[in-house]
Amino acid sequence: MIGPKDRERLEANWRTVVDEVNQATVASGRPADAVRIIGVTKYVDASLTEALVDVGCRDLGENRPQSLWSKADAIADKDIRWHLIGHLQRNKLRRTLQYPVLIHSIDSARLLKSVSDELDSSGVDTKLAQADASAHADVLVEVNISGDETKTGMTTAQIRELFESLPYSHVNILGLMAMAGWGTDPDESRRQFAAVRELRDELAAEFGLPLTQLSMGMSGDFAEAIAEGATMVRIGSRIYEGLLAS
Ligand SMILES: *Cc1c(COP(=O)(O)O)cnc(C)c1O
């Protein structure tokens, strides 16, 4: 349970984030609602997560599959779209696919093939399968654009190889996900986000795929990401300002 003061604070933070994202989106020449805000809940428990949904956030992001499962189970009655934004081990794939989830973190051709195989095997009781006999998973491919060794994601060369190995049945690549490198200044972040967009444009043209989605931008750099065409921003800490003991 969270108290009324905390709820007020959470709601004010959320509204501020929505306003700033909308402004950045309009400044980029797009309609205000063209960018989806994913509220990253990895810092908070299920009750604060639920409160965030109640103040208006319908897209939630978790970086650990187990946390996604437990929160999705705890607040199963809410209408939520889940986003897995951290590494997915293949042994966590089957359960993850039982939730309405967009996987942002496809970081190998092997993982993509596993998603495909999993949905291919008959009798998989996924929510997707129940809704549609031709079950499919929406995914983004994670690019390591900063060249930062500590960052996850695939190099441009690995991504090209992956696209050359397409198609895989039951998987739908909607676009790319990326993080700017640690400690980069706004100009450098913006250059990195521009490089992601250019890579997306090249892949889309070369492989004849729409690749409409670009998941990039976090609390510290979402304005730069939106200026370079982000369609999804993943925002955590800004939403909880004043709410978490530090
Ligand atoms: C934690 C996390 C975020 C949110 O970061 P903030 O700086 O707290 O907004 C976004 N994307 C990924 C992949 C993350 O792990």
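Going by the structure above, here's the rest.
Overview of the structure. The structure presented is a predicted model; accordingly, all values stated were derived computationally and were not measured.

### Considerations on the layout of surface pockets
Empty space within the largest pocket amounts to approximately 640 Å³. If you trace the largest pocket, you find 31 residues lining it, with Lys42, Lys151, Met179, Trp182 and Met218 closest to the centre. Counting only elements with at least two residues in the lining of the largest pocket, the list comes to α8 (186-207) and β8 (232-235). Along the lines of polarity and charge, the residues of the lining of the largest pocket split into 10 nonpolar, 14 polar and 7 charged.

### A few points about the nonpolar core
With 67 residues, the main nonpolar core has Leu10, Val21, Leu52, Ile106, Val141 and Val233 as its most contacted residues. Non-local contacts of Ile106, meaning those with residues more than four positions away in its chain, are made with Leu111, Leu112, Val115, Val139, Leu140, Val141, Glu142, Met154 and Leu162.

### Description of the packing of helix α7 (residues 156-164) against α8
Contact geometry of α7 with α8 gives a least axis separation of 11 Å together with a crossing angle of 25°. As the angle between them shows, α7 and α8 are arranged roughly parallel. Viewed along their axes, α7 and α8 form a crossing whose handedness is right-handed. Mapping the contact onto sequence places Thr156, Ile159, Arg160, Phe163 and Glu164 in α7 and Leu199, Glu202, Leu203, Glu206 and Phe207 in α8. Of the residues in the contact of α7 with α8, the class split is 5 nonpolar, 1 polar and 4 charged.

### Some thoughts on the site of the ligand
Lining the immediate environment of the ligand, one finds Val40, Lys42, Tyr43, Ile85, Met179, Met218, Ser219, Arg234, Ile235, Gly236 and Ser237. In the model, an oxygen atom of the ligand is placed 2.4 Å from a nitrogen or oxygen of the Tyr43 side chain. In the environment of the ligand, a nitrogen atom lies 2.9 Å from a nitrogen or oxygen atom belonging to the side chain of Arg234. Taking 390 Å² as the accessible area of the ligand by itself, protein coverage stands at 90%. More than half of the atoms belonging to the ligand lie within 2 Å of the grid points that define the largest pocket. Looking at the shell around the ligand, its residues break down into 6 nonpolar, 3 polar and 2 charged.

### A short note on unusual backbone geometry
With omega at 0°, the peptide bond leading from Leu166 into Pro167 counts as cis. With respect to the helices, strands and loops of the structure, Pro167 is situated in the loop between α7 and β6 (171-178). Even without glycine at this site, His170 takes up a positive phi of about 70°. Tracing the backbone through its elements, the reader meets His170 in the loop between α7 and β6. Phi at Leu211 is positive, roughly 40°, even though this residue is not glycine. Tracing the sequence through the fold places Leu211 in the loop between α8 and β7 (213-216). Residue classification places Leu211 among the buried positions, given a relative accessible area of 1%.

### Focus: the pairing of β8
The alternating pattern of β8 places Met232 and Arg234 on one face and Val233 and Ile235 on the opposite face, and all of these are buried. Note: strand β1 (residues 36-40) against β8, 4 bridges, orientation parallel. Note that in β8 the partner of Arg36 across the bridge is Met232.

### As for helix α3 (residues 65-74)
Residues Pro65, Ser67, Leu68, Trp69, Lys71 and Ala72 constitute the buried set of α3. Of the surrounding secondary structure, the elements contacted by the buried residues of α3 are α2 (46-54), β2 (59-62), β3 (81-84), α4 (93-96) and β4 (101-106).

### Concerning the side chain of Ser116
Note on placement: Ser116 falls in helix α5 (residues 109-120). The contacts of Ser116, once residues within four sequence positions are left out, are Tyr168, Ser169, His170 and Val171.

### Points about the packing of aromatic side chains
Overall, the coordinates contain 2 aromatic pairs when judged by the stated rule. With 6.2 Å between their ring centres and 70° between their planes, Tyr43 and Tyr240 make a pair best called edge-to-face. In this pair, Tyr43 is assigned in the loop between β1 and α2 and Tyr240 in the segment after β8, connecting sequence segments 197 residues apart.

The rules behind the values
Residues numbered from 1 in each chain as written. Predicted model: local features only at pLDDT ≥ 70, side-chain atom pairs only at ≥ 80, totals over all residues. Heavy atoms only, no water. 1 Å grid on protein atoms, 1.4 Å probe; cavity = no way out; pocket = protein on both sides within 12 Å on 5 of 7 lines; lining within 4 Å. Points joined across faces, edges and corners; volume = space filled by probe spheres on them. Helix = DSSP H or I, 4+ residues; strand = E, 2+ residues; numbered from the N terminus. Nonpolar A, V, L, I, M, F, W, Y, C, P; charged D, E, K, R; others polar. Core = buried A, V, L, I, M, F, W, Y, C linked by side-chain atoms within 4.5 Å. Buried < 20%, exposed > 50% of the residue type's maximum accessible area, 1.4 Å probe, protein only. Contact = heavy atoms within 4.5 Å. Axes fitted to C-alpha atoms, helices over the stretch in contact; angles between N-to-C directions. Parallel < 35°, antiparallel > 145°, perpendicular 65-115°, else oblique. Left-handed = near helix turned anticlockwise from the far one by under 90°. Near = heavy atom within 4 Å. Polar contact = N/O pair within 3.5 Å; in protein donor to acceptor, adjacent residues only side chain to side chain. Areas by Shrake-Rupley, 256 points an atom, 1.4 Å probe, with all protein chains shown as cover. Sits in = over half its atoms within 2 Å of the grid points. Pairing = 2+ DSSP bridges. Phe/Tyr/Trp six-rings, centres within 6.5 Å; stacked < 30°, edge-to-face > 60°.

Nothing here speaks to function; it is all geometry.
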